[in-house]
Amino acid sequence: MENPLRAGVRLERTAEPCVVVIFGATGDLTKRKLVPALYRLVQERLVPAEFAIVGAARTELSSEEFRANMKEAVAQFSEAKTVDEEVWESFAQGLHYLKVDIGTSADYVNLVAKLDQIDRERGTQGNRVFYLSTAPTLYAEAVRQLGQSGLAKPKEGQKGWVRVIIEKPFGSDLASAQALNRDIHQHLDESQIYRIDHYLGKETVQNLLVFRFANGIYEPLWNRQYIDHVQITNAETVGVEGRGGYYEKAGVVRDMLQNHVFQVLSLVAMEPPASLNSESVRDEKIKAMTAVRPFTPERIRAECVRGQYGAGSINGKQVPGYREEEGVAPDSATETFAMLTMYFDNWRWSGVPFYIRSGKRLAKRVTEIAIQFKDAPHKLFGSEMMEQMTPNQLIIRVQPDEGITMRVAAKVPGQVTRIRDVNMDFRYGASFGVQLAEAYERLLLDCILGDPTLYARTDMTERGWEIVMPILEEWASTKAEAPFPNYEAGTWGPQATHDLLEQAGRRWRRP
Amino acid sequence: MSSEIQPSAAANAPQGIDVGRLEKELAANWRNAGDGAESSVTRVCVLNLIIYAAPGEDRAKMDELLDVVTEHAPGRTLVLIADRGAAEARLEAHVSTRCQTASRGAAKQVCGEQVTIEAGGAAVDTAASAIEPLVVPDVPVFLWWKDIPHEEDKLFNRLVELSDRVVIDSLVFDRPHEDLKRLAQIIGARRQYMLASDLNWGRLTSWRNLIASFWDVADYRPHLDAIDEVLVEYDPPDVASGQIAAHALLLVGWLAAELKWQPTGDFVREENNSRWVLLSGERKINVEFRPAADRQGCDGLIATLTLKTSATGAEFYVGINEGWTKLETSARIGDARAVGRVVSYEAKSEGERLSRELSMLSRDEVYERAVASVGQLIEALQKS
Ligand SMILES: NC(=O)c1ccc[n+]([C@@H]2O[C@H](COP(=O)([O-])OP(=O)(O)OC[C@H]3O[C@@H](n4cnc5c(N)ncnc54)[C@H](OP(=O)(O)O)[C@@H]3O)[C@@H](O)[C@H]2O)c1
């Protein structure tokens, strides 16, 4: 039945009653991101009072202990840094802990009983979100167990829904991602599966859609006719931060490029969707990615660059090289940097290179998209007037300091004509002084509301792997030749990346 | 966050305002703001905000408020201080810029610009013609009418025509019954070209949200159509004791409009309490307004709302705590389950409330229906 009191422009969408079950509740992500985000959603009244959270992991803990831990976590990791006693008490009433070993069927019997009890006590109506925040090796098993215990589907005769959020990484190559998709599809429909990619929860990434399709002036320029090339930079200053063991097996292509960077790339390259519903948007994204020109060994050698950092300094501080990090082999051939030259073989982008780079221990933490337009068709102004000038550029900064910059030429005031570049700057932080919502908050709410637009669909996860597989294979088979380390921490990656663009008469932008 | 105001020489013009000169001074201010500063100045203009205020207006408070507004919605502010009682006609203007160091990006500044116009006596009526040429083209124009609107006020009408949206605050109405009824008429008559916002309606949003969320729960939904008792407790407005607070009337007006409750002539006054009978088909709905204990800083605001159904024995409650810091809700069906919660209630500053209104560009149909419904209730009351 419709709720007539929901009419109007002011009331935000609120979610239905539900229970969120977190597998991996004693882990880092739960305390750092998930519970603080859920607490905020309750505070902002975006979820109803009929809401509960069940933390699940192998550690023996009482619900009381779990609540105390989470209270500390919220105080530490939430923006406000404090919690109000009374408000916390009210939130904590819906917070439970249950010891569950993902591989032990008997534990799911307890989980079923617990969820039934919560449905009765808190009116959560059989709606459930299962959040898999555990090691990736456990995803398939968790889903299998949910299926076998009957938790993967709404109870017989009930209207409720069941959704499962799966953390990254989704597979470690094409075969494992396909296998994982196959396994989870045995128990879940695609509509129940929410593969998280927290980049998609970022405000600027969402703004890309608005920027491209709500502004009539850009779309006519958004093609091979006017665009010379596109640069996407995804740079971190951090190293492996104690996760050396994981990173050794992953590398930057698996960890960043294949998922986050490709998501951003697909938003830049996609055709306008017919509507903003989740399927139309995701259909267009996959369509664009399907047009990506396959990588051959020749192309990989000629147009891609891998890198690994050596010792150097970041923000004035000495940092060790990758091979000196904990958990990393002294002769490791894992890449911490990669640059790819990508082409979309379709009408819009034919012949336009997309230069993509991502790496650790680079000079600055930044994620940005730079659209470089072609030169003005006719050089009206002589080179002495234009010495400082470069073609128009449109820069979309995803993080930090979200914003959009357009570089245009203007005349320097004076008797003679001299031309200079000026930046037209639009910064979210500076234009709207408001705080942007945390990505996890937005994504969790979307899942509870049943909107998967900002989650990755099966075809997209597999396509991402399909594209990078030849690169992973080529680089694995030529490990011995990898000239590692080949860039100093705190720089913009291997010299070869600069040479590559230079040969094409282009240059990397300094973000 | 720092803010700085850089006033310029006043452009005094008894015959009118030299708009060209004001624009030049503003341009110079921008150059100065950029010069020599380590950080660059980002000038953003997303709107025009015309503020109409009386000479008694607390300027320091308004500056504080405009700092907040600049942070959320930078643009050009045109402040008109109107001294209607002045014997002599007077029109003066000066410009200033307002810079905010953005809370996060540290070095970057967001700036807005301001023109203050002081008008006295006969010049008040024509002040709108001095404002019009100062409006920045292509971005929306908001009018914040810091007074009670009157339909025959020439200046009000001119400024409404100039604006895309009018913001008022029914909390300051000193005779809520008559003023709300008049507001209903003003909105009704100007539907073609006026969009209205009410800060007092904004104060109801978290209440409305919590109330509405009861019925998002499928199990509770049938009870909504069985409500037959409504109790609203409110802090009686100091300026109009004996009248029901506009905040409380708007809340009931909203319920009545959205749930199609019709007013009847049945109205009773018992001491301080007022009781209306509304009708939904055959079902009678008793609506009681009850003044609560007077509390500091909560003048004219609601304190609790209780909705009951005698047929199904359900009770839904939303109330604010003693310190006005937390909202509490509960839902009870018969003796069975009671689910409730406590959420914090961040009293928003006036600047934040105004900023919220300035982010809205579409018609707030629900508000307009609520006001119309209050108009009908008052009319029924005045007839009884
Ligand atoms: N941390 C981040 O910032 C971050 C960012 C992006 C993605 N992720 C992804 O999020 C997931 C979780 O990351 P994390 O950093 O929170 O990991 P973590 O700190 O290692 O936590 C893993 C959790 O899984 C539980 N667990 C392990 N084996 C289990 C089993 N057999 N049955 C039930 N629970 C089991 C652990 O608890 P017990 O030992 O008590 O069982 C622990 O609560 C990973 O997939 C990771 O890739 C994390």
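The rules behind the values
- Residues numbered from 1 in each chain as written.
- Chains lettered and ligands numbered in written order.
- Predicted model: local features only at pLDDT ≥ 70, side-chain atom pairs only at ≥ 80, totals over all residues.
- Heavy atoms only, no water.
- Core = buried A, V, L, I, M, F, W, Y, C linked by side-chain atoms within 4.5 Å.
- Buried < 20%, exposed > 50% of the residue type's maximum accessible area, 1.4 Å probe, protein only.
- Helix = DSSP H or I, 4+ residues; strand = E, 2+ residues; numbered from the N terminus.
- Contact = heavy atoms within 4.5 Å.
- Polar contact = N/O pair within 3.5 Å; in protein donor to acceptor, adjacent residues only side chain to side chain.
- Pairing = 2+ DSSP bridges.
- Near = heavy atom within 4 Å.
- Areas by Shrake-Rupley, 256 points an atom, 1.4 Å probe, with all protein chains shown as cover.
- Nonpolar A, V, L, I, M, F, W, Y, C, P; charged D, E, K, R; others polar.
- Axes fitted to C-alpha atoms, helices over the stretch in contact; angles between N-to-C directions.
- Domains from an automatic or database assignment.
- Buried area = accessible area lost by both parts, 1.4 Å probe.
- Salt bridge = Lys/Arg side-chain N within 4 Å of Asp/Glu carboxyl O.
- Parallel < 35°, antiparallel > 145°, perpendicular 65-115°, else oblique.
- Left-handed = near helix turned anticlockwise from the far one by under 90°.

## As for the nonpolar core
Then step 1. Ranked by internal contacts, the top residues of the largest apolar core, which has 149 residues, are F23(A), L111(A), F130(A), M342(A), F354(A), I369(A) and L394(A).
Then step 2. Top element by residues in this core is helix α9 (residues 252–269) of chain A. It accounts for 11 residues.
Then step 3. Those residues in contact with L111(A), other than ones at most four positions away along the chain, are V21(A), F23(A), V54(A), L98(A), F130(A) and L151(A).
Then step 4. If you look at the next biggest cluster of nonpolar residues, it comprises 102 residues, including Y52(B), L255(B), F267(B) and F289(B).

## Examining helix α4 (residues 154–162) of chain B
Residues and elements named next belong to chain B.
Then step 1. Regarding α4, the residues found buried are L155, F156, N157, L159, V160 and L162.
Then step 2. Check the buried side of α4 and you find it contacts β4 (47–53), β5 (75–83), α3 (123–131), β8 (141–145), β9 (165–168) and α5 (176–189).
Then step 3. Its side-chain oxygen placed 3.0 Å from the backbone nitrogen of L155, D153 serves as the N-cap of α4.

## Here we look at the pairing of strand β12 (residues 337–342) of chain A
Residue and element names in this part refer to chain A.
Then step 1. Within β12, six of the six residues are buried, which leaves it mostly tucked inside the rest of the structure.
Then step 2. Here β12 shows no split at all, with F337, M339 and T341 on one side and A338, L340 and M342 on the other all buried.
Then step 3. Relative to β12, strand β8 (residues 305–307) is paired through three bridges, and the arrangement is antiparallel. Along β12, the bridge assignment pairs G307 with F337.
Then step 4. Alignment of β12 against strand β13 (residues 354–359), held across six bridges, turns out to be antiparallel. Within β13, the residue paired with T341 across the bridge is Y355.

## A word on the environment of T341(A)
Residues and elements named next belong to chain A.
Then step 1. Tracing the backbone through its elements, the reader meets T341 in strand β12.
Then step 2. Exposure remark for T341: the relative accessible area of 2% places this residue in the buried category.
Then step 3. A C-alpha to C-alpha distance of 55 Å links T341 and E86, two positions 255 residues apart in sequence.
Then step 4. One polar contact links the side chain of T341 to the main-chain carbonyl oxygen of E303, over a distance of 2.7 Å.

## Thoughts on the site of the ligand
All names here are of chain A.
Then step 1. Within the structure, the ligand sits among 20 residues, and T26, L29, R58, T59 and T134 are positioned closest to it.
Then step 2. K168 is positioned with one of its backbone polar atoms (N or O) 2.8 Å from an oxygen atom of the ligand.
Then step 3. Against a free-state accessible area of 880 Å², the protein chains account for coverage of 74% of the ligand.
Then step 4. Grouping the constituent residues of the shell around the ligand by class yields nine nonpolar, six polar and five charged.

## Some thoughts on the sheet that holds strand β15 (residues 302–309) of chain B
Residues and elements named next belong to chain B.
Then step 1. Sheet architecture is open: eight strands sit in the order β12-β13-β14-β11-β15-β16-β17-β18, paired in mixed fashion. Every interior strand has two partners, whereas the edge strands, β12 (262–270) and β18 (338–344), have only one. Across this sheet, the average inter-strand angle for adjacent strands is 10 degrees, counted without regard to direction.
Then step 2. Relative to β12, helix α11 (residues 365–383) is tilted by about 55 degrees, and along the sheet it contacts β12 and β13 (273–280).

## Concerning the domain arrangement of chain B
Residue and element names in this part refer to chain B.
Then step 1. Domain annotation for chain B reports domain 1 (2–163) and domain 2 (202–383).
Then step 2. Taken residue by residue, the interface counts nine residues in domain 1 and 10 residues in domain 2.
Then step 3. The contact between domain 1 and domain 2 buries some 830 Å² in all, and 82% of this surface belongs to carbon and sulfur atoms.
Then step 4. Applying the counting criterion to the domain 1 and domain 2 interface returns zero salt bridges.
Then step 5. Between domain 1 and domain 2 we count zero residue pairs in polar contact (both at pLDDT 80 or more) in total.

## Some words on the packing of α9(A) against helix α14 (residues 458–477) of chain A
Residues and elements named next belong to chain A.
Then step 1. Where α9 contacts α14, the axes come no closer than 10 Å and their chain directions differ by 135 degrees. When the axis of α9 is compared with that of α14, the two are oblique. The crossing of α9 and α14 is right-handed. Contact residues: α9 offers V253, R254, Q258, F262, Q263 and S266, while α14 offers M460, T461, G464, W465, I467, V468, L472 and W475.
Then step 2. Classifying every residue of the contact of α9 with α14 gives eight nonpolar, five polar and one charged.

## Points about the pattern of salt bridges
Residues and elements named next belong to chain B.
Then step 1. By the definition in use, this model includes 51 salt bridges over all chains.
Then step 2. Close ionic contact of R275 with E288 constitutes a salt bridge, the shortest N to O distance being 3.3 Å. Here R275 is found in strand β13, whereas its partner E288 is found in strand β14 (residues 283–291), with 13 residues between them in sequence.

## Things to note about the interface of chain A and chain B
Then step 1. The interface is formed by 40 residues belonging to chain A together with 53 residues belonging to chain B.
Then step 2. Interface area for chain A against chain B, summed over the two sides, is near 4,000 Å², with a carbon-plus-sulfur share of 53%.
Then step 3. The largest contributions to the chain A side of the interface with chain B come from L5(A), R10(A) and R45(A), which together make up 23% of the buried area.
Then step 4. If you look at where chain A meets chain B, you find three salt bridges.

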